[in-house]
Amino acid sequence: MENVLQILFRTAKGRTSWDPATIADETGCNILEAEEAVDRLKALRLLAPAPGSDSGYTSVQPGTALTRLLALENELTEGWYRERRKRQAAIEELVNKFSLQTGASNSAQIDVLTSPSEVNDFLEESAANARDLEQAMHPGGVPPVELIDEMLLRDAEVLERGVRLQGLYARHLATIPYLMDYLVDVSHEGADIRLADALPLRMILIDSATAFLPLDPQNSSAGAFAMRSPEVVRSLSVIFAFHWSVAVPLSATRREGAAGPALTPEEQVIVRMMAMGAKDEAIARHLGFSTRTLSRLISRMLDRLGVETRFQAAAKLTHAGVLDASNSPAA
């Protein structure tokens, strides 16, 4: 592949045709390899559309291509942060103005907790009163090691009462040994723990009726809002559900490198987007491939997994813990 890529890039300026069959004859590769090489040049931004040229494309210097890719990456990153700030602003506005609402929402109760003792008392009370579901999102902020045992005891008591406990943690937190030990221990107690690359803010949702949010999303030690309102929690649960659907189960993270099926980074993106219901066109566009190249990647993944259909692949990956059963196509 690398030789074909280099040949095509070297001859791009004088080329009058990018037909795969012609390229295959010239380079001694097969047609599929020729198609993949052209697609790869496009993905690397070394080949750009040029309607006025004989071949319809023009070559781009590697330095220029790298600059464009970095600019695109920065643009996407800035876009994500802009959307995150909008979501945080919307949440803060909702919290600040909610008590002014009338009608069906006038039963909402919002308490401002400004001291660590008030925050801890609220958490203790909420955990003691939880009956069905507790969902926690932790984007950062490492708890002191001396609180870990207390956290584990509280969670174990909640789980023992039959309450479901779902915990979303930023992936970097799992690199802290004592916190990783806590995540493993609480998983053994029955909690469902997942890791995500990025999370918008810290929150705890209890029984679809109570929410815990920081006063300052950038500084969780500044205090918190304690809100008792099904309407607010319903909106926040949508945010939690989205990040939950694309997060990786802790068990799958711990099995990396074990006997389970190994996926390349591209395949991991493909299976997660497939699990979210994305169409092939959207997945190919996200990866910078053609749909034909995407189809070949999926076919190769199916062959390596020893299955014939996407349904069978989803079932196998779910069984191995790579996909969550509630979100996989097999479900």
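Summarised in this report is the structure supplied together with it. (Residues numbered from 1 in each chain as written. Predicted model: local features only at pLDDT ≥ 70, side-chain atom pairs only at ≥ 80, totals over all residues. Heavy atoms only, no water.)

**Quick word on the packing of helix α3 (residues 31–43) against helix α12 (residues 291–305)**
One way to put it is that α3 packs onto α12 with a least axis distance of 10 Å and a crossing angle of 120°. Two packed elements cross with a definite hand, and for α3 against α12 that hand is left-handed. Residue-level inspection shows Leu-32, Glu-35, Glu-36 and Asp-39 of α3 in contact with α12, the latter providing Arg-292, Thr-293, Arg-296 and Arg-300. (Axes fitted to C-alpha atoms, helices over the stretch in contact; angles between N-to-C directions. Helix = DSSP H or I, 4+ residues; strand = E, 2+ residues; numbered from the N terminus. Left-handed = near helix turned anticlockwise from the far one by under 90°. Contact = heavy atoms within 4.5 Å.)

**Considerations on the pattern of salt bridges**
If you walk through the whole model with that rule in mind, you get 12 salt bridges. A salt bridge links Arg-296 to Glu-36, with the shortest nitrogen-to-oxygen separation between them at 3.3 Å. Residue Arg-296 is found in helix α12, and its partner Glu-36 is found in helix α3; the two are separated by 260 residues along the sequence. Note on accessibility: Arg-296 and Glu-36 belong to one class, buried. Put simply, Glu-35, Glu-36, Arg-292, Arg-296 and Arg-300 are held in one network by salt bridges that share partners. (Salt bridge = Lys/Arg side-chain N within 4 Å of Asp/Glu carboxyl O. Buried < 20%, exposed > 50% of the residue type's maximum accessible area, 1.4 Å probe, protein only.)

**Focus: the sheet that holds strand β9 (residues 224–228)**
Pairing is mixed across the open sheet formed by eight strands, whose spatial order is β3-β9-β8-β7-β4-β5-β6-β10. What marks the edges here is a single partner per strand, and that holds for β3 (109–113) and β10 (248–249). The pairing of strand β4 (residues 133–138) with strand β7 (residues 203–206) spans four bridges and is classified as antiparallel. Along β7, the bridge assignment pairs Ala-136 with Ile-204. Contacting β3, β7, β8 (210–214) and β9, helix α5 (residues 116–129) crosses the sheet at an angle of about 155° to β8. Most of the contacts of helix α7 (residues 177–188) go to strand β6 (residues 192–196), to which it runs at about 145°, and overall it touches β5 (164–170) and β6. (Pairing = 2+ DSSP bridges.)

**Quick notes on the packing of helix α6 (residues 148–160) against α7**
At a minimum axis separation of 10 Å, α6 and α7 run at an interaxial angle of 15°. On the basis of the axis angle, α6 is roughly parallel to α7. Classified by chirality, the crossing of α7 by α6 is right-handed. Contacts between α6 and α7 pair Ile-148, Met-151, Leu-152, Asp-155 and Leu-159 from the former with Tyr-178, Leu-179, Tyr-182, Asp-185 and Val-186 from the latter. (Parallel < 35°, antiparallel > 145°, perpendicular 65-115°, else oblique.)

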